[in-house]
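Given next are the chains, with one letter for each unit.
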Protein chains: 2
Amino acid sequence: MTVGSQAGSTPGLVLATANQHKLIELTRILAASHVDVDVRGLADFPGAPEVQETGSTFAENALLKAHAVAAFTGLPAVADDSGLCVDALNGMPGVLSARWSGRHGDDAANLRLVLAQISDVPEERRGAQFVCAAALVLPDGQEHVSEGVVRGSLAREPRGQNGFGYDPIFLPVNSTLTTAEMDPADKDKISHRGRALRALAPVIAALIG
Amino acid sequence: MTVGSQAGSTPGLVLATANQHKLIELTRILAASHVDVDVRGLADFPGAPEVQETGSTFAENALLKAHAVAAFTGLPAVADDSGLCVDALNGMPGVLSARWSGRHGDDAANLRLVLAQISDVPEERRGAQFVCAAALVLPDGQEHVSEGVVRGSLAREPRGQNGFGYDPIFLPVNSTLTTAEMDPADKDKISHRGRALRALAPVIAALIG
């Protein structure tokens, strides 16, 4: 894989996200999957459309974003939509994870709100899962979606400095560390985003590589 | 029905709620149901236990409260647990309706948070319902529960001064008024609390009246 936009390189694929944290994770996971295509970020395509995430599922939103960016750039686009699904909140915040507090992208406020909402929920009902849908859309409109899930439970206080979003309160099954305390490579091995992207990697390799 | 605690009256039933809005609604609905028992509030029983609403359903929480108050007072107790179930939030806030923002009983903050969370949700997916479970528990532990539901959708801005909780944003099916704009007697006819209490009224009459 070649990262960036070196002069003379053939652009292979655009990662359709404005979220820098996601851009880093997606790039890192594709690199570890040995997908042999050039990977670019949206920063190389000024004026790319901002897509409203109006879908009611992760897959719908990932496809909305990938379609918009493939159409704008004329290149294959990969997008993810992901979130935290809390059992005691009937699977929410779900697709609203990034705007749960009403303030879009305010990770700290979103996390604090979830902790407050389930503060009375006993240990045995604090189960949760991270879910990611990863979509690949080709310029001709062809689309592929894969989904990755990691089960776990929610800590009562945030811990750890790595990752982003709800990572500081998410304890994967059989882990004593939150995903914000894990080494990034260890996190990718089990994470929702790692699982979804690795499932998509052979499709990317076959269609673009 | 006799309301209050007049000297010489036989106490018949305790309404197990510390919420003054609910006390008024429950009393009004029982009065309209012609249940011929004395109705008292918790104010007549200093030291009555504060019950943690740890149940995962409305019925569980209503029973928790009614059992605690029946045991403390030695009188039949009626409690309700109720909330707003929003389709686009997978049925939440549900049992967390009164503490959705993390601030227990802050109606304005809870309502604002729901509006913010579904601000991008289109008209056709703004369905919601109010649900109420009403529980009667006798001093011997005998219990009865009934449930009432009213379907509707959520307005984009609060309207109306009556009622409480999420009333200012709830539009019952076939109504152009929010439940906070409706006349209280009209609201009781269709409300979740009205339906649950009227279903329980014959049981109250048979066992206590």
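Before reading on, note that the structure itself is shown above.
Residues numbered from 1 in each chain as written. Chains lettered and ligands numbered in written order. Predicted model: local features only at pLDDT ≥ 70, side-chain atom pairs only at ≥ 80, totals over all residues. Heavy atoms only, no water.

Q: Is there a simple way to think about the environment of Leu207 of chain A in this case?
A: Residue and element names in this part refer to chain A. Inspection of the secondary structure puts Leu207 in helix α5 (residues 192-207). Given a relative accessible area of 39%, Leu207 falls into the partly exposed group. Distance in space between the C-alpha atoms of Leu207 and Leu75 is 12 Å, their sequence separation being 132 residues. Setting aside its immediate chain neighbours within four residues, Leu207 contacts Leu136, Leu138, Gln142 and His144. (Helix = DSSP H or I, 4+ residues; strand = E, 2+ residues; numbered from the N terminus. Buried < 20%, exposed > 50% of the residue type's maximum accessible area, 1.4 Å probe, protein only. Contact = heavy atoms within 4.5 Å.)

Q: Explain the pairing of strand β6 (residues 143-154) of chain A here, please?
A: Residues in a regular strand point their side chains to alternate faces of the sheet. Across eleven bridges, the pairing between strand β5 (residues 127-137) of chain A and β6 of chain A is antiparallel. What sits directly across from Ala134 of chain A, in β6 of chain A, is Ser146 of chain A. (Pairing = 2+ DSSP bridges.)

Q: Where do I start with the relation of the copies chain B and chain A in this structure?
A: Here the second copy of the chain follows from the first by a rotation about an axis and a shift along it. If you rotate chain B by 180 degrees and push it 0.0 Å along the axis, it lands on chain A with an RMSD of 0.0 Å. What the rotation and shift describe, once combined, is the action of a two-fold rotation axis. Considering only C-alpha atoms, the residue of chain B closest to the rotation axis is Asn90 of chain B, which sits at 2.9 Å. Of all interface residues in chain B, 100% are interface residues in chain A too; the two copies therefore contact each other through one and the same surface. (Least-squares fit on C-alpha atoms with pLDDT ≥ 70 in both.)

Q: How do you make sense of the nonpolar core when you look at a structure like this?
A: Nonpolar side chains in soluble globular proteins tend to end up buried together. Counting residues in each nonpolar core, the largest one holds 76 residues, and the members touching the most others are Trp100 and Leu154 of chain A together with Trp100 and Leu154 of chain B. Once residues within four sequence positions are removed from consideration, Trp100 of chain A is found in contact with Met92, Pro93, Asn110, Leu113, Val114, Gln117 and Tyr166 of chain A together with Leu89, Trp100, Leu113 and Gln117 of chain B. Residues Leu23, Leu26, Ile29 and Ile204 of chain B belong to the second largest nonpolar core, which totals 20 residues. (Core = buried A, V, L, I, M, F, W, Y, C linked by side-chain atoms within 4.5 Å.)

Q: Where do I start with the interface of chain B and chain A in this structure?
A: In many analyses, interface size is given as the accessible surface area lost on bringing the parts together. Contacts between chain B and chain A engage 19 residues on the former and 19 residues on the latter. Summed over both sides, the interface of chain B with chain A buries roughly 1,500 Å², with 52% coming from carbon and sulfur. Together, Asn90, Gln117 and Asp120 of chain B form the three largest contributors to the area buried by chain B at its contact with chain A, with a combined 30%. The interface formed by chain B and chain A holds two salt bridges in total. The interface formed by chain B and chain A contains seven residue pairs in polar contact (both at pLDDT 80 or more). Considered class by class, the residues forming the side of chain B that touches chain A number seven nonpolar, nine polar and three charged. (Buried area = accessible area lost by both parts, 1.4 Å probe. Salt bridge = Lys/Arg side-chain N within 4 Å of Asp/Glu carboxyl O. Polar contact = N/O pair within 3.5 Å; in protein donor to acceptor, adjacent residues only side chain to side chain. Nonpolar A, V, L, I, M, F, W, Y, C, P; charged D, E, K, R; others polar.)

Q: Sorry if this is basic, but what is going on with helix α5 (residues 192-207) of chain B here?
A: Since the α-helix advances by 3.6 residues per turn, residues separated by three or four positions end up pointing in the same direction. All names here are of chain B. Between its first and last C-alpha, α5 extends 23 Å over 16 residues, near the 22 Å set by a 1.5 Å rise per residue. Along α5, the helix axis deviates most sharply at Leu200, where the bend reaches about 35 degrees; the proline Pro202 sits within four residues downstream. For α5, the complete set of buried residues consists of His192, Arg193, Gly194, Ala196, Leu197, Leu200, Ala201 and Ile204. Residues of α5 that are buried in the fold lie against β2 (13-15), α1 (20-32), β4 (77-86), β5 (127-137), β6 (143-154) and α4 (184-190). (Expected span 1.5 Å × (residues − 1). Bend = angle between axes of the 7 residues up to and from the residue.)

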